[in-house]
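Geometric and topological summary
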Amino acid sequence: MITYWHNPRCSKSRAGLALLQERGAEVQIRLYLQDPPSLEEIKQVQSALGVPAVAMMRGSDARFKELGLSKDSPETKLQTAMAAHPALIERPIAISGSRAAIGRPTEAIEVLL
């Protein structure tokens, strides 16, 4: 089972979901803007991705700058910002067990298949 943090308004997110479905993957869609992940879930997914918090964020989002965030912000500040403002989370993110992948490029999620 792949849990898919999805934003249907995003073309990359739609493309990633289509790729998973075409490959026959069992997918559980999570509309993360309506059902935001908790701080603990963000930390778990970050660990599964194996990246710093800023790498799983939309740094070009206006809110990122409004909140005074930067690539040098402390991990806890970035994680807390994602929990409070899920639109800051890069999309899509696919999660399978203890592994995860950000679907940029879309093909990056194939590692979970």
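Computed from a predicted model, the values in this text were never measured in an experiment. (Residues numbered from 1 in each chain as written. Predicted model: local features only at pLDDT ≥ 70, side-chain atom pairs only at ≥ 80, totals over all residues. Heavy atoms only, no water.)

1. A short note on the pattern of salt bridges
Across all of its chains, the model carries 6 salt bridges by this definition. The salt bridge involving Glu41 is made with Arg30; its shortest N-O contact spans 2.8 Å. With Glu41 in helix 2 (residues 39-49) and Arg30 in strand 2 (residues 27-30), this pair connects stretches of sequence that are 11 residues apart. By relative accessible area, which is 12% here, Arg30 ends up buried. Between Arg63 and Glu66 there is a salt bridge; the shortest N-O distance is 3.4 Å. Here Arg63 and its partner Glu66 are both found in helix 3 (residues 62-66), 3 residues apart, which amounts to about one turn of the helix. The exposed category is assigned to Glu66, whose relative accessible area is 58%. The structure contains a network of salt bridges with shared partners spanning Arg30, Asp35 and Glu41. (Salt bridge = Lys/Arg side-chain N within 4 Å of Asp/Glu carboxyl O. Helix = DSSP H or I, 4+ residues; strand = E, 2+ residues; numbered from the N terminus. Buried < 20%, exposed > 50% of the residue type's maximum accessible area, 1.4 Å probe, protein only.)

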